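Here is what each chain is made of, one letter per residue.
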Amino acid sequence: MIRAGLIRAGERGTRVVVDDFVALVRKRLAGQSGQRMTTVIRNNAGFVMQSVLGRFCLRDCDEVGPWVRVIGGMPRVHNQGRIQIGERTRLFCSYAAVDLRTAPGGTLVIGTGCSINFGTLLDATRLVKIGDGVSIGPYSIVSDTDAPEAPGSGNGQAQPIEIGDGAWLATRVTLRPGARIGKGSVITAGSVVTGEIPSRVVAGGTPARVLRRLDDEASDAPSTAELESRSAVHSSVPSAAVPVAAANSSAHARESHTEVTPDHEGVLISDFTIDELGRSLEKDASKPLLRAEIAPFGQVIPSLMTPPRAGVDFAVVWTRPEGVIESFARLLEFEAVDDALLLEEVDRYAELLLEGLKSYRFAAVPTWTLPPWSRGLGLADTRRGGATRALHAMNSRLMEKLASAPNIFVLNAERWLAANRGGYSPKLWYMGKVPFVPSVFDAATADIKAAISGLTGGARKLVVVDLDDTLWGGIVGDIGWENLRIGGHDSVGEAFVDFQRALKNLKRRGILLGLVSKNEESVALEAIRNHPEMVLREADFVGYRINWTDKARNVADLASSLNLGLQSVVFIDDNPFERARVREALPEVLVPEWPEDKLLYPSALLSLSCFDTPQLSAEDTARTALYAAEREREHLKAEVGSLDEWLASLEIRVRVELLGAANLARTTQLLNKTNQMNLTTRRLTETELGDWVKADGRWLFTLSVSDRLGDAGLTGILSLEGQGDTARIVDFVLSCRVMGRKIEESMVHLAVETARRHSLRRVSAELIPTRKNKPCQEFWERSQFMRQSERVFTWDTEQPYVLPAAIALELPL
């Protein structure tokens with residue numbers, strides 16, 4: 001009777017479920033009484049009914065494994081392709097239906113033992129593959145096309161999605177086309193996955209990024225609380241909606257990194273999902289280190305009225321204008337709103353901010369903005385009744401009212417949006433109530449950290465700049481000051497002039513300027529004093545170190561002479577090698593990455609936030625800064641470290657090639673333009689150079705230099721000529737971009753080994769001095785070659801010339 005009743009409860013596929021179940025019971029209870037079998041069936045009737053319902057509800061699927069259960073409601077199946085569901089998978093439809101969709105030619109594969117929660121959409125225009133044991137939280141979207149609402153409409157743009165075995169997706173997770181999630185990984189609530197997430201990590205954000213790694217021994221996913229901890233999407237979804245297995249199996253998940261204590265802790269208050277800003281603040285490794293908790297979603301006024309907990313010293317209150325100013329919301333709906341009423345509401349809101357933020361050490365209030373598609377009244381939007389006009393008035397009034405509070409600063413959010421094209425995202429808004437793309441939150445992070453740094457006395461006070469291709473265009477030692485690119489009817493020259501003007505404006509703000517350059521001092525100063533387009537003159541710099549010494553040591557020495565700590569210094573140089581050297585030797589010095597494009601120099605300087613000084617001076621911290629600077633002077637030399645050790649860490653590679661058709665043009669160019677590290681400064685055309693090397697007993701090698709920081713390209717030339725038992729070095733040329741990295745010694749090693757290989761007894765180098773190749777002379781004087789005369793240096797090839805340990809030399813076959 002029970003069997004007959006179960007069969008009548010379903011339709012297509014029901015008999016299969018019941019027969020499977022009865023067969024299983026008979027197998028397990030073989031030899032038991034009929035009454036015992038009936039009791040077991042009765043006790044499991046609910047389970048069987050769920051399986052029967054699953055078979056019935058999923059009848060439009062192509063393959064449904066045994067014991068697939070549908071719980072609490074009916075799923076929606078729109079199958080124009082192929083849907084395959086593995087055994088023991090559960091679809092929870094208690095609060096909203098689970099949607100399963102395929103377009104023609106699309107395949108949706110759901111593995112065994114999966115849990116799919118209510119409100120979830122699984123959409124395959126091409127391929128969506130879900131592994132075994134995957135749990136997907138409520139209201140998630142997994143679609144391999146950007147148009148899941150119209151199956152089949154985006155077939156050409158569809159990109160397969162794959163979710164690895166044992167992965168866990170929390171509430172309201174969205175997987176975009178091409179997303180791939182590794183085995184055992186966890187995606188936190190409200191996240192948007194756009195690319196590949198590796199195995200066994202916790203990831204979150206929009207787009208999702210790796211937040212931490214799971215311990216290799218952890219066999220289960222994090223708890224429900226951990227899944228939700230990094231998202232403040234406070235929806236009406238009950239906590240029980242997260243897969244039950246996740247709540248029971250997280251005790252073994254542990255973080256694999258050491259906790260870092262932040263310098264400041266804060267709270268983020270907003271009427272939109274602001275978690276991405278919290279993540280951006282926490283992951284930014286620059287000083288000061290910040291961590292922020294998220295106030296309840298949309299609870300702006302109650303959060304302002306709640307005193308901060310102990311240890312929380314800053315707040316960010318970021319709202320939408322229509323969310324907190326009722327009159328402005330009505331204005332957006334084209335209602336007539338009186339200007340006075342609008343500003344009165346702004347005043348009341350400002351009073352709430354003044355009261356609610358007075359307990360914080362510092363607070364940031366970003367200005368109100370509107371998305372670019374909000375045209376309002378169009379042509380008339382800047383007139384009375386227009387949203388643009390109203391918003392400008394509101395922001396102006398807000399700044400005026402909050403200026404009385406020494407701890408509250410209004411930050412210009414419009415700049416964050418202007419710097420990030422497409423900063424507003426309607427898709428993110430509808431998917432998770434996130435109005436902006438992540439780069440906008442990163443820009444906000446930079447300004448918030450700059451404000452806190454300025455308030456705590458961390459603003460930078462000294463800018464140290466390089467000369468060649470940094471303050472002007474060209475290498476003055478090679479081309480002379482008359483030929484430098486500064487000003488004139490030249491885009492690059494104009495950019496250098498504007499860069500110098502920007503530095504001069506910093507000087508007017510009280511920022512000190514200094515010079516550190518590898519150059520001949522007399523040559524460099526001559527350019528600064530005489531070039532008619534120079535904006536900066538010698539008097540604009542508080543000090544300089546122009547020589548051939550290690551730049552890190554020069555920067556440290558200059559700061560010490562000015563009684564400034566390294567934490568006050570910014571170093572700007574076009575050469576990535578020099579930037580890396582100073583950054584690693586002097587970690588307290590700020591070394592910004594610098595654009596290769598000279599036209600971007602002015603904007604790169606103007607975008608630096610490290611000079612921001614708030615109106616509220618940091619007098620209370622000045623005394624501490626002075627003592628810290630004094631301690632820095634005492635330990636300065638020890639901190640700089642060994643140049644040789646640092647060079648070894650760079651993994652420098654020098655690739656040696658013979659002159660050929662492929663490198664002839666570049667070799668000729670280098671030969672003819674290099675002056676400083678050039679033994680003879682001879683000049684040849686491509687044809688002349690090609691003909692010269694064809695003669696017997698002549699060798700010409702080109703050297704290309706690279707390291708872990710990048711590839712400098714072809715930057716060295718070594719040519720030799722056999723004369724009797726002597727190998728005479730004809731060309732010894734090295735670009736100043738790689739001077740001082742033991743490349744010079746490697747070239748000499750190559751010359752000696754070439755002579756030894758051809759059974760020549762001596763290597764000879766004769767310097768032809770010029771006004772510009774003094775660095776070459778100084779190198780040969782310290783090269784350990786025997787000095788035959790003032791200009792001639794020799795080496796006996798019975799003794800090898802040791803290759804520097806920091807250099808890996810790659811010779812031609």
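The rules behind each value
Residues numbered from 1 in each chain as written. Predicted model: local features only at pLDDT ≥ 70, side-chain atom pairs only at ≥ 80, totals over all residues. Heavy atoms only, no water. Helix = DSSP H or I, 4+ residues; strand = E, 2+ residues; numbered from the N terminus. Buried < 20%, exposed > 50% of the residue type's maximum accessible area, 1.4 Å probe, protein only. Contact = heavy atoms within 4.5 Å. Areas by Shrake-Rupley, 256 points an atom, 1.4 Å probe, with all protein chains shown as cover. Arc of directions from axis to C-beta. Axes fitted to C-alpha atoms, helices over the stretch in contact; angles between N-to-C directions. Left-handed = near helix turned anticlockwise from the far one by under 90°. Nonpolar A, V, L, I, M, F, W, Y, C, P; charged D, E, K, R; others polar. Core = buried A, V, L, I, M, F, W, Y, C linked by side-chain atoms within 4.5 Å. Pairing = 2+ DSSP bridges. Salt bridge = Lys/Arg side-chain N within 4 Å of Asp/Glu carboxyl O.

Visitor: Describe the overall build of the protein, listing the residues and the values that go with them.
Guide: Assigned secondary structure in the protein consists of 27 helices and 39 strands. Expressed as a percentage of the 813 residues in the protein, the buried residues total 51%. Counting only contacts in the protein whose residues sit at least 6 apart along the sequence, the fraction spanning at least 24 positions is 59%. Counting only carbon and sulfur atoms, one obtains 50% of the accessible surface of the protein, whose full area is about 37100 Å².

Visitor: Any details on helix 24 (residues 664–673)? Residues and values, ideally.
Guide: Owing to its 3.6 residues per turn, the α-helix brings residues three or four apart onto one side. Within the sequence span of helix 24, burial applies to Leu664, Thr667, Thr668, Leu670 and Leu671. The arc enclosing the buried residues of helix 24, seen along the axis, measures out at 165 degrees, which places them on a common side. Contact partners of the buried residues in helix 24: strand 32 (677–678), helix 25 (686–694), strand 33 (698–707), strand 34 (710–723) and strand 35 (726–734).

Visitor: Residues and numbers for the packing of helix 11 (residues 339–356) against helix 12 (residues 387–402), please.
Guide: Between helix 11 and helix 12, the shortest axis-to-axis distance is 9 Å and the interhelical angle comes to 35 degrees. In terms of crossing hand, the pair formed by helix 11 and helix 12 is right-handed. Each of Asp339, Leu342, Leu343, Val346, Asp347, Tyr349, Ala350, Leu353 and Leu354 in helix 11 lies in contact with helix 12, whose residues at this interface are Arg389, Ala390, Ala393, Met394, Arg397, Leu398, Lys401 and Leu402. Counted by class, the contact of helix 11 with helix 12 contains twelve nonpolar, no polar and five charged residues.

Visitor: Tell me about the nonpolar core, and name the residues and values.
Guide: Among the nonpolar cores identified, the biggest contains 43 residues, and Leu718, Ile729, Phe732, Val763, Trp780 and Phe785 are the most heavily contacted of them. With seven residues, the single largest contributor to this core is helix 26 (residues 743–757). Other than its neighbours up to four places away in sequence, Trp780 contacts Leu679, Ile729, Phe732, Val748, Ala765, Phe785 and Phe793.

Visitor: I'd love a proper account of the sheet that holds strand 29 (residues 543–547), names of residues and values included.
Guide: Spatially, 29-28-27-30 is the arrangement adopted by the four strands of the open sheet, whose pairing is parallel. Each edge of the sheet is formed by a strand with only one pairing partner; in this case those strands are strand 29 and strand 30 (569–572). Taking each pair of neighbouring strands and ignoring which way they run, the sheet shows an average axis angle of 15 degrees. Here helix 18 (residues 521–530) sits on the sheet and contacts strand 28 (512–518) and strand 29; the angle it forms with strand 29, its principal contact strand, is near 130 degrees. Where helix 19 (residues 551–561) meets the sheet, it contacts strand 27 (462–465), strand 28, strand 29 and strand 30, and its direction lies at approximately 150 degrees from that of strand 28.

Visitor: Account for the pairing of strand 6 (residues 99–102), with residues named and values stated.
Guide: On strand 6, burial covers both faces: Asp99 and Arg101 on one face and Leu100 and Thr102 on the other are all buried. With four bridges joining them, strand 3 (residues 76–79) and strand 6 adopt parallel strand pairing. Note on strand 6: the bridge partner recorded for Val77 is Leu100. Where strand 6 lies against strand 9 (residues 121–124), four bridges are found, and the strand directions are parallel. Looking across to strand 9, one finds that Asp99 is bridged to Leu121.

Visitor: Before we move on, can you summarise the pattern of salt bridges with the specific residues and values?
Guide: Taken as a whole, this structure holds 44 salt bridges when the rule is applied. Between Asp557 and Arg545 there is a salt bridge, with its nearest N and O atoms 2.6 Å apart. Placement of Asp557 in helix 19 and of Arg545 in strand 29 is noted, with a sequence separation of twelve residues between them. Taking the shortest distance from any N to any O, the salt bridge between Glu593 and Arg583 comes out at 2.8 Å.

As far as function goes, none of this settles anything; it's purely spatial.
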